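# Coordinate inspection notes
So you can see what is in the structure, the chains are spelled out below.
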Amino acid sequence: MTGAASTNATNAGQLLALYEQMAVIRRTEKAAHDLFLAGLVKGTTHLASGHEAIAVGASAALRDDDYVFATYRGHHHALARGATPEECLAELMSRATGLCKAKGGSMHLTKASHNMLGSYAIVGAHLPMAVGAAWSARLRGTGQIAVAFFGDGATNIGAFHEALNLAAVWKLPVLFVCENNLYMEYTPIGDVTAVANPAADRAPAYGIPGEIVDGNDVVLVQEAVARLADRARAGDGPSLLEAQTYRHFGHSRTDPATYRPAEEVERWLKHDPLDLARGRLAELGVPEEAVTEADARATDLVQQAVEAAKQAPAADPREALTDVWADGGAAWRT
Amino acid sequence: MADVITYREAVAEGIAREMRRDPSVVCLGEDIGAAGGVFKTTVGLHKEFGSERVWDTPISEQAIVGAAMGAAMTGMRPVAEIMFSDFLACCWDYLANEIPKVRYMTGGQVTVPLVVRTANGGGLGFGAQHSQATENWAFTVPGLKIAAPATPADVIGMMAAAIRSDDPVVFFEHKGLFATKGPPAPPDHIVELGQAAVVREGADVTLVALASMVPVALTAAERLAEEDIDAEVIDLRCLVPLDTRTVLGSLAKTSRLVTVEENPYQGGWGGTLVSVVADEGFGLLDAPVRRVAAECVPLPFADALEEQVIPTADKVVTTVRQLTAY
Ligand SMILES: Cc1ncc(C[n+]2csc(CCOP(=O)(O)OP(=O)(O)O)c2C)c(N)n1
């Protein structure tokens, strides 16, 4: 454990800030859910409620200029890396003020100005991109690292294996973080994977460290990511972190998740990342009132974001024909 | 400067010129380093620029193109090699779903200035899985620029334009042209993407060709000249941007159009080109348009069979003859 990480993790003020970020994410996703039911969000959403500690813990351990690549289940990563609830909700609500001018939607939240370089809806596709970003960071000598967050299902995709090997042979500063929530869409990962820990157990095949962490404990995630990030920055190459977690909702909007045993759901709901952080805050002597205030700030922020997004103008149809090319246009012929 | 250069040498020369000029230009691919590439199209790069900038990869097409994308998004100008264009299918996700869409779906936040180079096409008897002309695959995807030079000087000029482009470019090098020779490119030679070349002027019929079909069309034009049919030959050079202006301009003169395509007729670029002509240049035509394209079969191995499938000068001559008699 690095000094920096352990100091951060046990620092009450810092932990309270992480808690508040998680509370903002939880509420933003709740708002997305409600807005969907109200008919204000189209398409689908893949909520990450239950996964907040991974995005927030990892972000706290990273440099602001490190690169992050996420999946269609990426609201939490966009928010943890600096996108505001307002721009995210506006994106979901097809508003002109949306994070991606309403061209991305829930599955493609991206905040490039903060080096959050996208959410990709093709399972596993972004792992090689993170390898490329890490290569680029090394060539430019910036000391940045790249992090790819992905699901357990992605560990059976070819791109996962190609990316791990390439990163390992090139000793690149990249961190692969698997959010193992036990299920792909509807199928338990264990039913279709030959090893018990779909990510960590594969690491030895590539000669890189594979670690398992309680992905619902923001402190443990922060410590693990800080350590592996240090390693990457020191030139010791990539590593694979399997963060065990659970999604509170079904896979996507249409999935009631009835395939999950009731006692399993109950057990995991009791292991909620926000509750765990609250417990740690109490242990550190943080008064309950400070936590309540953080909750209230989160509620206000998201409430305002919902209102602002509702007021925002609808996406401009003319935008449909921009941004294909670097000149801003879409012309394919002379 | 030598007075001739081969197409294959032009590839390495084109890349080297850009690597000398811009330290953010890097290469990656299988066997491209010390080995100089399976087609010897990267000879000398590793020696001059070292293994940090000319990286040998494992056989991992997804990782090659995916890593190129990540590098391009973060300040580099990568040039990725996919050995045979048939293998683009192994990383098709990146060409179809990732690279061409990321700028658009992020609302313009992300730029992907990369080049994917690949050896395309038939004529060398490599059989069905190493001989396809696949530029049409890329042509179906909005968001990719597509270059397919036919001469060594164009290879260098278009390589410069492709590497400097802030947009992703798929760069098709034709296997059947690697050994061909041509005048070298002057220093700072740039051929902007999307500018077709009129490589032979004529008054009676316009032949539009790409890459390996340019010399076929030129040969056909010489033979037609003996019959007093004066063919204009256009080397399209790029599929995106597509230079429809030059084609329509030529038709205003000749009023007859034949496309000469190595790819199968089904789904070929000629289909798009003639649809533009039908939309916007119908009044210019004095005869139906004709497409000479490959048969819709996987490419066979034997020379005699391959010749049966891919357009030849004979087939072009026959088609043009019929058309001029119309
Ligand atoms: C290449 C590909 N195959 C299938 C899908 C359809 N799909 C979307 S999400 C998903 C499950 C992915 O599970 P996992 O990687 O565990 O991530 P999670 O959704 O649990 O976060 C599938 C099969 C897809 N998007 N991409």
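Along chain B, the regular secondary structure elements total 12 helices and 14 strands. Relative to a compact globule of 326 residues, whose C-alpha radius of gyration would be 20 Å, chain B shows 19 Å and is just as compact. Judged by the C-alpha coordinates and their principal axes, chain B covers about 60 × 45 × 40 Å. Per-residue burial for chain B yields a buried fraction of 64% across its 326 residues. When the accessible area of chain B is evaluated, it comes to approximately 11,600 Å², of which 53% is carbon and sulfur surface. Charge-centre separation for chain B: the mean point of 25 positive side chains lies 3 Å from the mean point of 42 negative side chains.

Right, let's talk about the overall build of chain A for a bit. Counting its secondary structure elements, chain A contains 11 helices and six strands. Taken over C-alpha atoms, the radius of gyration comes to 19 Å for chain A, in line with the 20 Å a tight globule of 334 residues would show. Expressed along its principal axes, the backbone C-alpha trace of chain A runs to roughly 60 × 50 × 40 Å. Counting the 334 residues in chain A, one finds 57% classified as buried. Nonlocal contacts in chain A, meaning residues at least 24 apart in sequence, comprise 75% of its contacts between residues at least 6 apart. A total accessible area of about 12,400 Å² is found for chain A, and carbon and sulfur atoms account for 54% of it. Considering chain A, the positive charge centre built from 29 side chains and the negative charge centre built from 40 side chains are found 5 Å apart.

All right, on to the site of the ligand then. Residue and element names in this part refer to chain A. Every one of the 14 residues lining the ligand counts as a neighbour, but Y72, R73, A121, G153 and N181 are closest to it. Between A154 and the ligand, the recorded distance is 3.2 Å, taken from a backbone N or O atom to an oxygen atom. In the complex, 73% of the free accessible area of the ligand, which totals 580 Å², lies under the protein chains. Along the lines of polarity and charge, the residues of the shell around the ligand split into seven nonpolar, four polar and three charged.

Below, the discussion takes up the packing of aromatic side chains. Under the criterion given, the structure shown has 14 aromatic pairs over all chains. Between F150 of chain A and F160 of chain A, the aromatic rings sit 5.7 Å apart at their centres with planes inclined by 65°, giving edge-to-face as the arrangement. On the criterion of sequence distance, the pair formed by F150 of chain A in strand 3 (residues 146–151) and F160 of chain A in helix 7 (residues 158–169) is long-range, its members being 10 residues apart. In terms of burial, F150 of chain A and F160 of chain A fall into one category: buried. These aromatic residues form a ring-pair network of at least three members: Y7, F39, F84, F87, F126 and F178 of chain B. Sitting above the plane of the W332 of chain A ring, R333 of chain A keeps its charged end 6.0 Å from the centroid. Residue placement shows R291 of chain B over the ring face of Y265 of chain B; its charged tip is 4.0 Å from the ring centre.

Moving on, we come to the packing of helix 2 (residues 12–37) of chain A against helix 3 (residues 52–61) of chain A. Residues and elements named next belong to chain A. Packing of helix 2 against helix 3 brings their axes to within 9 Å, and their N-to-C directions diverge by 140°. Judged by the angle between their axes, helix 2 and helix 3 are oblique. Here helix 2 and helix 3 pass one another in a crossing that is right-handed. Across from L18, Q21, M22, I25 and R26 in helix 2, the residues of helix 3 making contact are E52, A53, V56 and A60. Of the residues belonging to the contact of helix 2 with helix 3, the class tally is six nonpolar, one polar and two charged.

Residues and elements named next belong to chain A. For the pair helix 5 (residues 85–92) and helix 11 (residues 288–311), the least separation of the axes is 8 Å and the interaxial angle reads 40°. Between helix 5 and helix 11, the crossing angle belongs to the class labelled oblique. Once helix 5 is placed against helix 11, the crossing between them reads as right-handed. For the pair formed by helix 5 and helix 11, the contact residues are P85, E86, L89 and A90 on the first element and L301, A305, V306, A308 and A309 on the second.

Now for the interface of chain A and chain B. Listed per partner, the contact involves 45 residues of chain A and 49 residues of chain B. Of the roughly 3,900 Å² buried at the junction of chain A and chain B (both faces included), carbon and sulfur atoms supply 65%. Put simply, chain A and chain B have two salt bridges between them. For E52 of chain B, the salt bridge is made with R138 of chain A, and the minimal N-O distance between the two is 3.7 Å. Elements with a contribution of two residues or more to the side of chain A that touches chain B: strand 1 (67–71), strand 2 (116–120), helix 6 (126–140) and helix 7 of chain A. Its residues placed into classes, the side of chain A that touches chain B shows 24 nonpolar, 12 polar and nine charged.

With that settled, consider the confidence of the model for chain B. Looking at chain B as a whole, the pLDDT averages 97, with 100% of positions reaching at least 70. Note on the complex model: pTM 0.96, ipTM 0.95.

What follows concerns the environment of A68 of chain B. All names here are of chain B. Tracing the chain through its elements places A68 in helix 3 (residues 61–72). Separated by 45 residues in sequence, A68 and P113 have C-alpha atoms that sit 9.3 Å apart. Setting aside residues up to four positions removed in sequence, A68 forms contacts with L28, A63, P78, A80 and L114.

For the rest of this paragraph, the subject is the environment of G250 of chain A. Residue and element names in this part refer to chain A. Its place among the elements puts G250 in the loop between strand 6 (239–244) and helix 9 (262–269). Here the alpha-carbon distance between G250 and V24, two residues 226 residues apart in the chain, equals 20 Å. Setting aside its immediate chain neighbours within four residues, G250 contacts R73, D255, A257 and Y259.

Once that is clear, we can look at the side chain of T134 of chain B. All names here are of chain B. In this fold, T134 is placed in the loop between strand 5 (115–120) and helix 6 (135–139). For T134, a relative accessible area of 1% corresponds to the buried category. Among the polar contacts listed, one links the side chain of T134 to the side chain of S85, at a separation of 3.3 Å. Ignoring sequence-local partners within four residues, the contact set of T134 consists of S85, D86, L88, N120 and F172.

Moving on, we come to the pattern of salt bridges. For the coordinates displayed, the defined rule picks out 35 salt bridges over all chains. Between E87 of chain A and K111 of chain A there is a salt bridge, with the nearest N and O atoms lying 2.7 Å from each other. With E87 of chain A in helix 5 and K111 of chain A in the loop between helix 5 and strand 2, this pair connects stretches of sequence that are 24 residues apart. Neither E87 of chain A nor K111 of chain A differs from the other in exposure class; each is buried. With its nearest N and O atoms 2.7 Å apart, the salt bridge here joins E280 of chain B to R333 of chain A. With one member in each of two chains, E280 of chain B in helix 10 (residues 269–280) and R333 of chain A in the segment after helix 11 form a pair that bridges those chains.

Before going further, it helps to examine the confidence of the model for chain A. This prediction gives chain A a mean pLDDT of 96; 97% of its residues lie at or above 70. Within the model, the stretch residues 1–9 of chain A combines pLDDT values under 50 with 16 contacts to residues more than four positions away or in other chains.

It is worth spelling out the sheet that holds strand 2 (residues 25–29) of chain B at this point. All names here are of chain B. Strand order in the open sheet formed by seven strands is 3-2-4-5-7-6-12, and the pairing between neighbours is mixed. Two strands bound the open sheet, and with one partner strand each, they are strand 3 (54–56) and strand 12 (238–240). Going across the sheet, the axis of each strand differs from the next one's by a mean of 20°, ignoring polarity. One ladder, built from five bridges, connects strand 2 with strand 4 (residues 77–84); its direction is parallel. Bridge pairing in strand 4 links V25 to R77. Packed onto the sheet, helix 2 (residues 45–53) meets strand 2 and strand 3 and runs at close to 70° relative to strand 3.

Reading the values: rules and limits
- Residues numbered from 1 in each chain as written.
- Chains lettered and ligands numbered in written order.
- Predicted model: local features only at pLDDT ≥ 70, side-chain atom pairs only at ≥ 80, totals over all residues.
- Heavy atoms only, no water.
- Helix = DSSP H or I, 4+ residues; strand = E, 2+ residues; numbered from the N terminus.
- Rg over C-alpha atoms; globule rule 2.2 N^0.38 Å.
- Buried < 20%, exposed > 50% of the residue type's maximum accessible area, 1.4 Å probe, protein only.
- Areas by Shrake-Rupley, 256 points an atom, 1.4 Å probe, with all protein chains shown as cover.
- Lys, Arg positive; Asp, Glu negative; His and termini not counted.
- Charge placed at Lys NZ, Arg CZ, Asp CG, Glu CD.
- Contact = heavy atoms within 4.5 Å.
- Near = heavy atom within 4 Å.
- Polar contact = N/O pair within 3.5 Å; in protein donor to acceptor, adjacent residues only side chain to side chain.
- Nonpolar A, V, L, I, M, F, W, Y, C, P; charged D, E, K, R; others polar.
- Phe/Tyr/Trp six-rings, centres within 6.5 Å; stacked < 30°, edge-to-face > 60°.
- Lys NZ or Arg CZ within 6 Å of the ring centre and 35° of its normal.
- Axes fitted to C-alpha atoms, helices over the stretch in contact; angles between N-to-C directions.
- Parallel < 35°, antiparallel > 145°, perpendicular 65-115°, else oblique.
- Left-handed = near helix turned anticlockwise from the far one by under 90°.
- Buried area = accessible area lost by both parts, 1.4 Å probe.
- Salt bridge = Lys/Arg side-chain N within 4 Å of Asp/Glu carboxyl O.
- pLDDT = per-residue confidence, 0-100.
- Pairing = 2+ DSSP bridges.

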